[in-house]
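# Notes for the structure review
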Amino acid sequence: EPEVTQTPSHQVTQMGQEVILRCVPISNHLYFYWYRQILGQKVEFLVSFYNNEISEKSEIFDDQFSVERPDGSNFTLKIRSTKLEDSAMYFCASGLSRYEQYFGPGTRLTVT
Amino acid sequence: AQSVTQPDIHITVSEGASLELRCNYSYGATPYLFWYVQSPGQGLQLLLKYFSGDTLVQGIKGFEAEFKRSQSSFNLRKPSVHWSDAAEYFCAVGARSGTYKYIFGTGTRLKVLA
C-alpha cells in the first residue's frame, strides 16, 4: 500500500541554521500539507499546497517558513533561521482530494 | 471557536475488554470527522472517517465510530481490545468547504494490560 515518506526521521540543528524537511507524498495525490506537533501539544496545521501554490497557511507559517515542490515527487518544508521553539515533530500529509489526508511518519526536529 | 476535545488523556483496559474513546467537537457546521492512531515512532494512520450517510462507520483493525449530531460527538469503539492496540488515538475534524486544515484533539493514550 502506498504511503507518505519523510526524511530524515530526526534532525538536530543549531539555532539560526536553515533546515529542509523532505517528504515524498503518495504518487497520484494532488493536495499536500505540513503539520507540526510540539511535544505534549496538539497536532497543528501549518500549510496546504495545491496546484503548485499555497492554498492556505496558518498564523504559525510566517516568513521563516517556505514550501516547495521542486519536482514531481518531493514536497519540502524549509525553515530559514530556526528558533528553539521550532523544535517539534513535523508531519507531511497528502490527499487525492481535499477531503482526505494521509500522514507520513514525521520528522523530529530538535533545535539546540 | 472551532475545537476538538478528547476528555480522556490516558485510558487503561485489559486485553479482550471493550473500548470507547470519546471525542466532542465544536464547529460552525457539521464537519468531516476522522480518527487517527499513532503507534510509537510511527506516523498518523487513518482508522476511519465520516463524511455523510450512515452514522456508524467501520474502520480498519476492527474499530468503529458513531457520529451523534445532537451531542457533537464522534466516539471510537472496539468490542475486544488487543495488546497491539496500545497507541495514541487522535480525533480530527475537517471542513466541508473553505479551510483545508484539520483540527486535532489532544489525543488519548491507550494502555492495554495483558
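My aim in this report is to walk through the structure given alongside it, one point at a time. (Residues numbered from 1 in each chain as written. Chains lettered and ligands numbered in written order. Predicted model: local features only at pLDDT ≥ 70, side-chain atom pairs only at ≥ 80, totals over all residues. Heavy atoms only, no water.)

### Some remarks on the sheet that holds strand E1 (residues 5–7) of chain A
All names here are of chain A. In space, the four strands of this open sheet follow the order E1-E3-E8-E7, with antiparallel pairing throughout. Each edge of the open sheet carries a strand with a single partner, namely E1 and strand E7 (65–68). Averaged over all neighbouring strand pairs, the angle between strand axes comes to 20°, with direction disregarded. Looking at chain direction, E1 and strand E3 (residues 19–24) are connected through three bridges and run antiparallel. Across the sheet, Gln6 pairs through a bridge with Cys23, a residue of E3. (Pairing = 2+ DSSP bridges. Helix = DSSP H or I, 4+ residues; strand = E, 2+ residues; numbered from the N terminus. Axes fitted to C-alpha atoms, helices over the stretch in contact; angles between N-to-C directions.)

### Some points on the pairing of strand E10 (residues 87–94) of chain B
Residues and elements named next belong to chain B. The element E10 is largely enclosed, with a buried count of eight among its eight residues. Covered by surrounding structure in E10 are Ala87, Tyr89, Cys91 and Val93 together with Glu88, Phe90, Ala92 and Gly94, the residues of both alternating faces. Pairing between strand E5 (residues 32–38) and E10: seven bridges, direction antiparallel. Opposite Trp35, over in E10, you have Cys91 as the bridge partner. As paired elements, E10 and strand E12 (residues 108–113) share three bridges and run antiparallel to each other. The residue of E12 that forms the bridge with Ala87 is Leu110. Across three bridges, the pairing between E10 and strand E11 (residues 102–104) is antiparallel. Within the sheet, the bridge partner assigned to Ala92 lies in E11 and is Phe104. (Buried < 20%, exposed > 50% of the residue type's maximum accessible area, 1.4 Å probe, protein only.)

### Focus on the state of the cysteines
Residue and element names in this part refer to chain A. According to the stated counting rule, one finds two disulfides over all chains in the structure shown. Across the disulfide from Cys23 sits Cys92; the S-S distance is 1.9 Å. The S-S bond linking Cys23 to Cys92 shows a torsion near -65°; that makes this disulfide left-handed. Taken as a pair, Cys23 in strand E3 and Cys92 in strand E9 (residues 88–95) lie far apart in primary sequence, 69 residues in all. (Disulfide = S-S within 2.5 Å.)

### Some details on the packing of aromatic side chains
If you walk through the whole model with that rule in mind, you get 24 aromatic pairs over all chains. Here the aromatic rings of B:Tyr32 and B:Phe51 are separated by 4.4 Å at their centres, their planes lie at 55°, and the arrangement is tilted. Of this pair, B:Tyr32 sits in strand E5 while B:Phe51 sits in the loop between strand E6 (44–50) and strand E7 (56–58), placing them 19 residues apart in sequence. Sitting over the face of the ring of B:Tyr100, A:Arg98 holds its NZ or CZ atom 4.5 Å from the ring centroid. (Phe/Tyr/Trp six-rings, centres within 6.5 Å; stacked < 30°, edge-to-face > 60°. Lys NZ or Arg CZ within 6 Å of the ring centre and 35° of its normal.)

### Re the interface of chain B and chain A
Each partner contributes residues to the interface: chain B has 23 residues there, and chain A has 19 residues. Here chain B and chain A share an interface that buries about 1900 Å² over both sides, 56% of which is from carbon and sulfur atoms. Contact with chain A buries area across many residues of chain B, yet B:Tyr100, B:Tyr102 and B:Phe104 alone supply 37% of it, more than any other trio. Remark: the boundary between chain B and chain A carries one salt bridge. Here B:Lys49 ties to A:Glu100 by a salt bridge, and the two come within 2.8 Å at their closest N and O atoms. The interface formed by chain B and chain A contains twelve residue pairs in polar contact (both at pLDDT 80 or more). (Contact = heavy atoms within 4.5 Å. Buried area = accessible area lost by both parts, 1.4 Å probe. Salt bridge = Lys/Arg side-chain N within 4 Å of Asp/Glu carboxyl O. Polar contact = N/O pair within 3.5 Å; in protein donor to acceptor, adjacent residues only side chain to side chain.)

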